[in-house]
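What the coordinates show
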Amino acid sequence: LKGPSLGALERWPAMWCRLLFLLLCGLVSLWGTTVLVQVYGGLYGLPGEAFDDERAGVRTSEDSLLANASESYLAAARALEERDYSRTISELEGCGPENGACLGLLGEMHLIGAGVSRNFSEAFRLLSAGADLGDPDAQYALGTLYANAVDETPGGDFKRQEALSVLYLYAASVSGHPGAQMAMGYRHSQGHGVPKSCSTAALNYIEVARRVADVYSAGMPQAVELVRLGVDGKDAKAMSAQEVSLFVEIAASGDAKIAAAVGKRYLLGINGFRQSYARAAHHLQMAAEKSHGGALALLGYMYCLGLGVAKSLDVAYSYFVASVAQGDALGHNGLGYIFFHGASVQKVDLKEAVAHFNASAYGGSADGMFNLASLFLTGTGVDQSFQQAAWWFTQALDQGHTPAAYSLAVMHLNGIGTVRNCRIAVDLLKRVCERGSWVSRKLQDAYDLHREGAGDSAAWLFLRLAEAGHDVAQMNLAHLLDSGVSSLLLNASAVPEPSEQARALGRIHAQRHWELSAEQGNVLAELRLGDYAYYGWGLRLRGGFSDEEDDESASGTAAAPAAAAAGTVDAADADPAAAAGDTAAAGGEAEENVADEDWEALSALSDFKLVRQEADVALALARYKRTASTRITAEWMQPFVARASFNLGYMHQFGFGVTPDRALARRYYNRCAEVDPGGVHTPVAVMLVLVSVQSYFTALPSTSSVAGIALADIRVHVLAVHIVTFGVLLMLRRIFSAARRRPR
């Protein structure tokens with residue numbers, strides 16, 4: 001779409017143009033400030049314990065998508081969650097023929113084989129019918145399937161229906177489906193199937209992020225631990241039932257620290273402790289009786305928010321006062337909240353509220369940092385300072401505080417108190433969205449289904465999250481498809497399973513999500529893509545480029561098959577003005593104008609075809625190098641970085657794809673042992689010995705050079721004459737000895 005002509009503006013005097021520009025900038029800044037003050041006009045309350053990046057999000061009972069759902073659909077959904085498939089089908093039969101939600105749910109049951117036989121074609125038909133009736137969940141499910149289903153043409157090529165996927169995802173996002181809004185935001189941020197536009201991505205993310213931040217501000221939502229499948233248990237933080245029982249017994253014996261820790265975990269529902277406000281209050285009360293500051297503060301939180309107890313600010317005030325007496329930072333934050341809002345035993349006192357929030361922030365409480373930043377942002381009780389607000393929001397963000405991430409995202413979008421940077425804002429909004437109830441419910445259900453052995457059902461939930469850009473879900477889905485645990489995307493009527501063909505197609509489906517996860521910095525995904533290139537698994541692009549460019553894409557220097565086949569187009573490539581998208585605000589600035597040639601380039605991607613990938617050692621080497629050079633930020637990454645280093649050492653030792661370099665091979669083997677000290681080191685030790693042996697024999701001179709040197713040395717000739725003479729003498733001695741013993 002082309003914008004209006006600027007000819008009229010060009011005829012205006014330069015002074016009027018400058019005045020108009022300054023006026024527009026002022027309005028934009030005023031609008032941004034107004035939005036922030038409206039959102040943060042008061043404190044967020046007590047936003048709960050700060051969550052780190054290893055937590056997936058919150059769980060709530062409210063879901064905007066279910067507001068207009070029929071009773072039959074809600075009953076069927078509850079029965080499906082309880083794994084009562086016969087009752088689910090019975091409830092669905094009570095739905096009307098025009099109920100799109102029921103048709104979509106029945107389609108999902110056919111897809112995963114829940115209570116009915118798996119039928120890929122019937123699932124598509126039912127989901128299409130539900131989507132045509134306007135059901136957002138069916139539209140999102142259908143868009144997800146179109147993005148991942150691979151059709152094999154008679155010529156042996158493969159193709160995905162990316163255009164239909166974008167169509168259905170867009171339709172669902174317009175209806176307010178959180179997953180579809182996240183998926184469109186993710187696609188626009190990466191340029192997958194749509195023009196790359198940072199501001200459009202922010203517009204898709206911000207509504208979901210705002211709702212998630214509101215939930216966090218209202219209480220202490222339950223967190224869901226992120227579990228990475230195929231990581232040998234190093235990433236699992238949840239305790240076993242026996243360990244939970246052991247800590248509960250220790251807490252009951254009178255250990256205040258253990259009782260406080262157990263109570264906190266019951267309160268938040270983490271580390272294998274199921275969320276239970278009653279048990280949390282019991283253990284926290286045990287610790288509070290022994291004047292444990294943290295337990296007193298958490299009890300104050302519970303009474304302040306009414307979590308499992310009758311809401312009472314007066315009781316909360318007494319607990320906060322006792323906690324502050326022990327010097328607890330959380331207690332200072334709670335007391336600041338009481339002074340800010342007031343209670344029957346304590347009037348509003350902004351000066352005291354600021355003092356307690358300040359003490360909490362400097363004491364290391366993320367909640368205190370966030371509330372102090374909110375005061376600076378709105379100028380409540382302190383001199384307004386956007387810079388101070390941004391600084392304290394950043395400090396809270398470093399501790400994983402979700403509302404702080406949303407606050408900073410809005411500030412970066414509007415350039416208030418910090419640099420205007422759309423890319424940073426989108427990254428923060430994505431993190432906030434991934435802690436929402438839509439994500440956390442599906443993650444928890446997927447983990448439960450996987451533990452129960454329902455691979456296809458777990459894969460379907462992971463697939464819905466993966467399409468929305470969730471990195472761990474992409475990794476888990478790829479693992480299930482790659483290992484053959486799930487055959488979700490295989491048409492059982494066309495491809496018999498288990499078979500080599502089914503396993504190959506499973507790797508093809510997994511490859512897309514390995515690539516998407518690798519784009520987000522996942523080391524296991526990058527390592528697996530190196531294996532795919534080394535053994536010739538998966539697909540590569542063909543078509544649309546020249547032969548030279550096609551070869552380049554196959555060797556890994558061009559776009560990855562998943563991203564390029566999805567249509568990666570950057571709107572800033574053709575229009576310099578659109579390049580400002582990385583620093584443009586979603587609100588207050590106009591959308592980037594996408595040039596016609598961008599749409600033509602996007603349409604031309606339909607000519608691309610995917611063909612089976614041949615073994616490509618150079619691409620494998622590049623993937624392994626990228627994995628080995630990744631900075632380790634978590635323990636689960638160590639074995640995969642070590643494995644990539646071992647593979648590089650092996651390739652350099654024997655010259656696979658590179659010139660043999662045993663010194664470099666030894667360096668890679670040593671790095672393998674360094675990055676994973678707790679790993680298996682026997683293969684590394686064996687290969688180091690082999691490298692030393694090879695180096696020794698390689699250092700020896702060749703036979704021809706040894707012969708030349710020997711012939712040029714007179715001493716060798718003298719030695720040879722002596723040896724010949726000695727041999728002749730030995731022979732003569734033997735002859736004479738034999739003759740002497742012969743009888744005459």
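Residues numbered from 1 in each chain as written. Predicted model: local features only at pLDDT ≥ 70, side-chain atom pairs only at ≥ 80, totals over all residues. Heavy atoms only, no water.

1. A short note on unusual backbone geometry
The residue Arg-83 is not glycine, and still its phi comes out positive at about 65°. Mapping Arg-83 onto the fold places it in the loop between helix H3 (71-81) and helix H4 (85-93). Even without being glycine, Ser-291 reaches a positive phi, approximately 60°. You can see Ser-291 is positioned in the loop between helix H13 (277-288) and helix H14 (293-305). (Helix = DSSP H or I, 4+ residues; strand = E, 2+ residues; numbered from the N terminus.)

2. A look at helix H35 (residues 714-741)
Here H35 spans 41 Å end to end across 28 residues, near enough to the 40 Å set by a 1.5 Å rise per residue. Taking burial as the measure, the 28 residues of H35 include one buried ones, a minor fraction of the element. (Expected span 1.5 Å × (residues − 1). Buried < 20%, exposed > 50% of the residue type's maximum accessible area, 1.4 Å probe, protein only.)

3. Topic: the state of the cysteines
Under the defined criterion, the tally for this structure stands at two disulfides. Here Cys-95 connects covalently by a disulfide to Cys-102, the sulfurs 2.0 Å from one another. Around the S-S axis, the bridge from Cys-95 to Cys-102 shows a dihedral of about -50° and counts as left-handed. Judged by relative accessible area, which is 13%, Cys-95 ranks as buried. What pairs with Cys-198 in a disulfide is Cys-422, and their sulfur atoms sit 2.1 Å apart. Torsion about the S-S bond of the Cys-198 and Cys-422 cystine: about -110°, corresponding to left-handed handedness. (Disulfide = S-S within 2.5 Å.)

4. Side note on the packing of helix H7 (residues 136-148) against helix H23 (residues 455-467)
Interaxial distance between H7 and H23 falls to 10 Å at its minimum, and their mutual angle equals 85°. The orientation of H7 relative to H23 falls into the category roughly perpendicular. Of H23, the residues touching H7 (which contributes Asp-137, Tyr-140, Ala-141, Thr-144, Leu-145, Ala-147 and Asn-148) are Trp-460, Leu-463, Arg-464 and Glu-467. (Axes fitted to C-alpha atoms, helices over the stretch in contact; angles between N-to-C directions. Parallel < 35°, antiparallel > 145°, perpendicular 65-115°, else oblique. Contact = heavy atoms within 4.5 Å.)

5. Digging into the pattern of salt bridges
On inspection of all chains with the given rule, the structure shows 21 salt bridges. Its salt-bridge partner being Asp-84, residue Arg-87 comes within 3.2 Å of it at the nearest N-O pair. A relative accessible area of 31% places Arg-87 in the partly exposed class. Here Asp-84 falls in the partly exposed class, since its relative accessible area comes to 28%. The shortest N-O distance in the salt bridge between Arg-187 and Glu-467 comes to 3.0 Å. Remark: Glu-467 occurs in helix H23 and Arg-187 occurs in helix H9 (residues 178-190); sequence separation between them is 280 residues. Across the pair, Glu-467 and Arg-187 agree in class, each one buried. Each of Glu-162, Arg-187, Glu-467 and Arg-512 takes part in a single network of salt bridges with overlapping partners. (Salt bridge = Lys/Arg side-chain N within 4 Å of Asp/Glu carboxyl O.)

6. A closer look at the packing of helix H10 (residues 198-218) against helix H20 (residues 402-414)
The packing of two helices is summarised by the inter-axis angle and the distance between the axes. H20 packs onto H10 with a crossing angle of 145° between their chain directions and a minimal axis gap of 9 Å. Where H10 crosses over H20, the two elements pack in a sense that is left-handed. Mapping the contact onto sequence places Ala-202, Ile-206, Ala-209, Arg-210, Val-212, Ala-213 and Tyr-216 in H10 and Thr-402, Pro-403, Tyr-406, Val-410 and Leu-413 in H20. Broken down by class, the residue content of the contact of H10 with H20 amounts to ten nonpolar, one polar and one charged. (Left-handed = near helix turned anticlockwise from the far one by under 90°. Nonpolar A, V, L, I, M, F, W, Y, C, P; charged D, E, K, R; others polar.)

7. A word on the packing of aromatic side chains
For the coordinates displayed, the defined rule picks out 19 aromatic pairs. Between the aromatic rings of Tyr-146 and Tyr-168, the centroid separation amounts to 6.0 Å while the plane-to-plane angle is 10°, which identifies the pairing as stacked. Of this pair, Tyr-146 sits in helix H7 while Tyr-168 sits in helix H8 (residues 162-174), and the two are 22 residues apart along the sequence. Across the pair, exposure class does not vary: Tyr-146 and Tyr-168 are buried alike. Taken together, a centroid distance of 5.7 Å and an interplanar angle of 20° make the contact between Tyr-303 and Tyr-319 stacked. Taken together, the residues span a long stretch of sequence, with Tyr-303 in helix H14 and Tyr-319 in helix H15 (residues 313-325) at a distance of 16 residues. Of the residues examined, Tyr-303 reaches a relative accessible area of 21% and is grouped as partly exposed. (Phe/Tyr/Trp six-rings, centres within 6.5 Å; stacked < 30°, edge-to-face > 60°.)

8. Description of the nonpolar core
Side chains of nonpolar character tend, in soluble globular proteins, to be buried together. Counting residues in hydrophobic clusters, the biggest one holds 172 residues, and the most contacted among them are Phe-393, Phe-462 and Trp-514. When near neighbours in sequence (up to four residues on either side) are disregarded, Phe-393 contacts Phe-370, Ala-373, Ser-374, Leu-377, Ala-404, Ser-407, Leu-408 and Met-411. Val-150, Leu-505, Ile-508 and Leu-539 belong to the second largest nonpolar core, which has nine residues in total. (Core = buried A, V, L, I, M, F, W, Y, C linked by side-chain atoms within 4.5 Å.)

9. What to know about the side chain of Gln-346
Inspection of the secondary structure puts Gln-346 in the loop between helix H16 (329-341) and helix H17 (350-362). Given a relative accessible area of 17%, Gln-346 falls into the buried group. Residues in contact with Gln-346, not counting those within four places in the same chain, are Tyr-317, Ile-338 and Phe-339.

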